[in-house]
Amino acid sequence: MAMAAQPVEIAAGKGPVASAADMADSPLAVHELTVSYGEKPAVFSVDAVVPAQSMTAIIGPNGAGKSTLLKAALGIVPRLSGQVTVYGQPVEKAMNRIAYVPQRASVDWDFPTRVIDVVLMGLYRELSLLRLVRRSHRERALACLERVGMDDFADRQIGQLSGGQQQRVFLARALAQNADLYLLDEPFAGVDAATEKAIIDVLKSLKAEQRTVVCVHHDLATVADYFDHVLLINVSKIAEGPVATAFTAENLQKTYGGRLATAHIDQLKLPVG
C-alpha cells in the first residue's frame, strides 16, 4: 500500500514502557528506540516486546520506519538511543540466535554465485575462509532449498532466477542458520502467489517448531491470516498486541493518518467487538 507517512503526535507512540521482566522473556524487545536521518527522526522512542513462538507483523505506511526499526534493532543502521535485547541479552551478544532476510531490492543480484553457495553462506558460523565445504554442509543446504521448493535450482546462477525464486533462496539461507528468531523485511513484496504460499507455509512451520518470526509487512488484507501479533508504527508506535485486539479500524486509521478508505477497511478481517 503506497501511502506516505503522515506526522503523528509523538506522545501517541510511546505507550506503556516495557518492563524488565517482559524484555528478559522476549525473543526481541526494544526500549525507547530512536533513529534519525539528519534532523528528522525516522523512528522515535519505540517500545515493543515480541512474544515468544509468535508470528509478528510490523505494519504502517511507506516512510513510517518499519524497515528502519528492524535494521536498527540489528545494528545495520545506527541507533540514536534505545536498548535492544534478544532473549534477555544485548542483541550484539545474541546474533547467533538471529537469522535476517533483507528486502530483495537491496541485494546485488548480478553478483556471480550459485544458488547453493548463497545458502551455504548461512553456515558462515561453521565455515571459515580456509575451511572446505564438506558433504554434510552441502546436504544441509540442499535440505533447506528443498524446504522452500528450490532444490532443483541448486547449481543455477542466482541472477538467472525470478524475483520470487530469489526470495525463496534467501529464505533457505536463513533456514540454514537454524536460528531461534527470524527477522524478514517485506518477504512477500513483489513475489508471485505460489512463492507467497511457499514462504508463509515455511514461516508457519518455524512457529510450529517453537521459533519466533517477525516480518515487515505491507499487505493489510493478509495480516489476520498470516500473523497472530502486530506492531503498528508511524515513526512512533501506535499500537501493539495480538491481532485479535490490536488490528482494529481505529488503530489502522491512527497509523495511516486517517487516510484509509472505509470501503477498504470493511474488506479486512478485523476483530469483532
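Residues numbered from 1 in each chain as written. Predicted model: local features only at pLDDT ≥ 70, side-chain atom pairs only at ≥ 80, totals over all residues. Heavy atoms only, no water.

Turning next to the nonpolar core. Nonpolar side chains tend to gather and get buried jointly when the protein is soluble and globular. Grouped together as the largest cluster of nonpolar side chains are 55 residues, with contacts concentrated most on I59, L145, V169, Y182, L203, F247 and L252. With near-sequence residues (within four places) excluded, V169 lies in contact with V115, V118, V119, L145, M150, I158 and L161. Counting 27 residues, the second-largest nonpolar core is a separate cluster that includes V43, A48, V77 and V216. (Core = buried A, V, L, I, M, F, W, Y, C linked by side-chain atoms within 4.5 Å. Buried < 20%, exposed > 50% of the residue type's maximum accessible area, 1.4 Å probe, protein only. Contact = heavy atoms within 4.5 Å.)

The next subject is the packing of helix 5 (residues 135-147) against helix 6 (residues 163-176). Orientation of helix 5 relative to helix 6, taken along the N-to-C sense of each, is 130°, at an axis distance of 8 Å. With respect to helix 6, the element helix 5 is oriented oblique. As helix 5 runs across helix 6, the sense of the crossing is right-handed. Of helix 6, the residues touching helix 5 (which contributes R140, C144, L145 and R147) are V169, A172, L175 and A176. (Axes fitted to C-alpha atoms, helices over the stretch in contact; angles between N-to-C directions. Helix = DSSP H or I, 4+ residues; strand = E, 2+ residues; numbered from the N terminus. Parallel < 35°, antiparallel > 145°, perpendicular 65-115°, else oblique. Left-handed = near helix turned anticlockwise from the far one by under 90°.)

Quick look at the packing of helix 6 against helix 7 (residues 193-208) now. Two quantities define a packed helix pair, namely the angle between the helix axes and the distance between the axes. Interaxial distance between helix 6 and helix 7 falls to 9 Å at its minimum, and their mutual angle equals 15°. Viewed along their axes, helix 6 and helix 7 adopt a mutual orientation that is roughly parallel. Helix-helix and strand crossings are classified by hand; for helix 6 and helix 7 the assignment is left-handed. Across the interface between the two elements, G164, Q165, Q167, R168, L171 and L175 of helix 6 pack against A194, T195, A198, I199, V202, L203 and L206 of helix 7. Considering only residue class, the contact of helix 6 with helix 7 consists of eight nonpolar, four polar and one charged. (Nonpolar A, V, L, I, M, F, W, Y, C, P; charged D, E, K, R; others polar.)

Attention now goes to the side chain of K66. Structurally, K66 is set in helix 3 (residues 66-74). Within the buried set, K66 has no salt-bridge partner at all; the shortest N-O distance to an opposite charge, 4.8 Å, is to E186. Polar side-chain contacts of K66 include one of 3.0 Å to the backbone oxygen of P61. Excluding anything up to four places from it in sequence, K66 contacts I58, I59, G60, P61, E186, V216, H217 and I233. (Lys, Arg positive; Asp, Glu negative; His and termini not counted. Salt bridge = Lys/Arg side-chain N within 4 Å of Asp/Glu carboxyl O. Polar contact = N/O pair within 3.5 Å; in protein donor to acceptor, adjacent residues only side chain to side chain.)

On to helix 5. For helix 5, spanning 13 residues, the distance from its first C-alpha to its last is 18 Å, which sits close to the expected 18 Å at 1.5 Å a residue. Of all the positions in helix 5, only H137, A141, C144 and L145 are classed as buried. All buried residues of helix 5 project into a common sector of 100° when viewed along the axis, lining one side. Away from its buried face, by an angle of more than 90 degrees, helix 5 presents the exposed residues R135 and E146. In this structure, the buried side of helix 5 is in contact with helix 4 (115-120) and helix 6. Following helix 5 by one or two positions, G149 adopts a phi angle in the positive range, close to 75°. (Expected span 1.5 Å × (residues − 1). Arc of directions from axis to C-beta.)

With that settled, the discussion passes to the sheet that holds strand 6 (residues 98-101). One open sheet accounts for six strands, arranged 6-7-8-3-9-10; its pairing is mixed. With one partner strand each, in any of the chains shown, strand 6 and strand 10 (236-242) form the two edges of the open sheet. On average, each strand axis in the sheet is tilted by 15° relative to the strand beside it, whichever way the strands run. With six bridges joining them, strand 9 (residues 229-234) and strand 10 adopt antiparallel strand pairing. Each bridged residue has a counterpart across the sheet, and for L231 the counterpart in strand 10 is E240. Against the sheet, helix 6 makes contact with strand 6 and strand 7 (181-185), and its axis sits at roughly 170° relative to strand 6, the strand it touches most. Strand contacts of helix 7: strand 3 (55-59), strand 7 and strand 8 (212-216), with the helix running at about 125° to strand 3, the strand carrying the most contacts. (Pairing = 2+ DSSP bridges.)

Limitation: the analysis is restricted to geometry and does not speak to function.
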